[in-house]
Amino acid sequence: MTLDQALLAGLVVVLFTLFLWGRWRYDLVAFFGLVAAVGLGLVPASEAFLGFGHPATVTVAAVLVISAGLANAGLPDAIGRLVAPLSRRVETQVAALSGIGGLLSGFMNNVGALALLMPVAIQTAVKTKRPVGIVLMPLAFGSILGGLVTLIGTPPNVIIATFRAQATGTPFGLFDFTPVGGAVAVAGILFVATIGWRLIPVKSGRDSGAKKLVDIDDFIAEVRVPRGNAIVGKSVRELEAEMDDHDVLIIGLVRRDQRLPGRAVNREIRASDILIVEAGREDLDKFASDFRLRIVGAEADKRQPRDVKELSTMEVVVAPTSALVGREAETLRIRSRYGVNLLGVSRRGEQVKGRIRSFRLGAGDVLLLEGEPDAVAEAVSRLGLLPLNVRDTPMGIRRKLPLSIAIFATAIGVAVSGLAPFPIALSAAALLMVVFEVVTPRELYTTVDWPVIVLLGAMIPVGGALETTGAAALLVDTLMPESATIPAVAVLAVILVVTMTLSDVLNNAATAVIMAPIAMVAAERSGNSPDPFLMAVAIGASCAFLTPIGHQNNALIMGPGGYAFGDYWR
């Protein structure tokens, strides 16, 4: 073992540990790995940032912009109309959602496909009075599986294609993944549509299906008592006696930023007190209106009483890459920055207890935002949130759906025919989305999943160093000491299982970057073509179904579906 091999092997172990720990976001960990590799002399300084201009990185960014254009043009509305007639039976509903999710994710980022279809899935589940949890997990799994089918379906496929180009001089084409990935996707979608959805635990407390958005509609919210209000001087118990026709539960009383003990049922209500209540969105508005109270968000509300009819509310889910993850609500200053109130929070389908301002947000949390429609839309875009309700598409934009589809299809045709490389063709399509005002210049930047871009840009040079330093060969010898003598099928199985296992706890793109050089060495040692081994890494990296942390799609549905950590392995 050389010094460089030892250093790089140690660095990989450190990166794995930090990825698993989860204390810092994966893009920060990856960038740390890049800086450390350069500092240790494992990656030349002149090549440190080549990953950010790598074809894989550019392709992923372009696909994300195109996905946003299709969403803006009203693709979710069109899909909703298609799915509605198929929702009479749960089997056809699940099959339609997971099948369409798989089809879309074959040609767009699979997280984008889920973001498009999640509001549709929730809406159809509510209309049929079925638990949302029954449809969201099959949809998430279907959109993950669909990414296996084509080159641009998921970042690991793009990464694997570039490794093949380095090894053989020719990358995988758009449909080279289809024979293997397509077979796995079809089998997986058939399973979740016929058997898998029946294995999803339905918790009566979390997933009744009878409410508008399951138990997502129940939030912990805060209302302020204005001066001169009729309830000033009454006790909380007396107020509750007057609330027989309101489906609202008072769970606490805050005075001068200090929460009074218990539910404070016998304490006298004073002006400027804050009542902590548990209520649905409509019930909260009715309660505040009838008793002339002010709904407040994460910050102290010092505004004049407002006309709630002039404002809109939106339920959103916190994406794993959102700027809100790991931060307390009071530090976000959503009201002062965006003019939007954070009215309530729900986690895993269950109400969050305590004050909103001190709650630390996490991926998959469901938030209730309120404000002027444009302000809410801007906050959702800038903060990395995904709406849970189908938004109305302006007629002018809706008419551009055929144009958007044509732009995307033309880019695919140009790339497949060899007239232009995929990064160039897709980048041109993304630019045309902006030229024809399907995507705004601001959205051109806000729709790109920058943590994934940083992850790819940072990890690609590290993955290259695994091969150039011989560290990949060292890892192969550690995993499979007899790789040169045991059957190639056994080596292939080990590569696949190790990749799938890592992908259940690591980001799939990082898994692909680390495992691709190892697969290349294993293929060379066994005297076989690298294609089957690289394909095993591509499939294994995207087969992350056992945990909510293995794939962004799994994390996104955890809150809206009311799932527990242990529900996924079923």
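Residues numbered from 1 in each chain as written. Predicted model: local features only at pLDDT ≥ 70, side-chain atom pairs only at ≥ 80, totals over all residues. Heavy atoms only, no water.

**Quick notes on helix H6 (residues 110-127)**
Condition: Helix and strand definitions here come from DSSP, where helices need a minimum of 4 consecutive H or I residues and strands a minimum of 2 consecutive E residues; each element is numbered from the N-terminal end. Each helix should span, by expectation, one fewer than its residue count multiplied by 1.5 Å. Partly exposed describes any residue whose relative accessible area lies between the buried limit of under 20% and the exposed limit of over 50%, with all areas from a 1.4 Å probe on protein chains only and scaled to the type maximum.
End to end, H6 covers 25 Å across 18 residues, agreeing with the expected 26 Å (1.5 Å per residue, within 8%). With 14 of 18 residues buried, H6 lies mostly within the body of the structure. One or two positions beyond H6, positive phi appears at Lys129, with a value near 55 degrees.

**Remarks on the confidence of the model for the chain**
Spelled out, the test is: The pLDDT value tells you how sure the predictor is about a given residue, anywhere from 0 up to 100. Working rule for contacts: check all heavy atoms of both residues, and any pair within 4.5 Å makes them a contact.
Residues at a pLDDT of 70 or more form 89% of the chain, whose mean pLDDT is 82. Ignoring residues within four places in sequence, the model shows residues 204-217, a span with pLDDT below 50, making 46 contacts including any to other chains. Residue range residues 298-309 is modelled with pLDDT below 50. Its contacts to residues more than four positions away, or to other chains, number 23 contacts.

**Details of the packing of aromatic side chains**
Quick reminder of the rule: Two rings from Phe, Tyr or Trp (for Trp, the six-membered ring) form a pair when their centres sit within 6.5 Å of each other. Planes less than 30 degrees apart are called stacked, planes more than 60 degrees apart edge-to-face, and all others tilted. Lysine NZ or arginine CZ positioned within 6 Å of the ring centre and within 35 degrees of the ring normal marks a charge as sitting over the ring.
Per the stated rule, a full pass over the model turns up six aromatic pairs. The interplanar angle of 40 degrees and the centroid separation of 6.1 Å between the aromatic rings of Phe49 and Phe52 together place this pair among those described as tilted. Seen in terms of ring centroids, Phe107 and Phe175 are 6.4 Å apart; in terms of plane orientation they differ by 70 degrees. Their pairing is edge-to-face. With Phe107 in the loop between helix H5 (90-105) and H6 and Phe175 in the loop between helix H8 (155-168) and helix H9 (178-194), this residue pair connects regions lying 68 residues apart in the sequence. Residue Phe175 is classed as partly exposed on the basis of its relative accessible area of 44%. The ring of Phe172 carries the charged tip of Arg164 above its face, separated from the ring centre by 4.8 Å.

**Looking at the nonpolar core**
Formally: Take the buried Ala, Val, Leu, Ile, Met, Phe, Trp, Tyr and Cys residues and link them wherever side-chain atoms come within 4.5 Å; each set so joined is a nonpolar core.
In this structure, Phe19, Leu104, Leu136, Ile152, Leu426, Ile495 and Ile557 are the most contacted members of the largest nonpolar core, which totals 139 residues. Counting residues per element, this core draws most heavily on helix H21 (residues 508-526), which supplies 13 residues. Sequence-distant contacts of Ile495, defined by excluding residues within four places in its chain, comprise Met480, Met515, Ile518, Ala519, Ala522, Phe533, Ala536 and Val537. With 24 residues, the next largest nonpolar core counts Ile231, Leu239, Ile250 and Phe287 among its residues.

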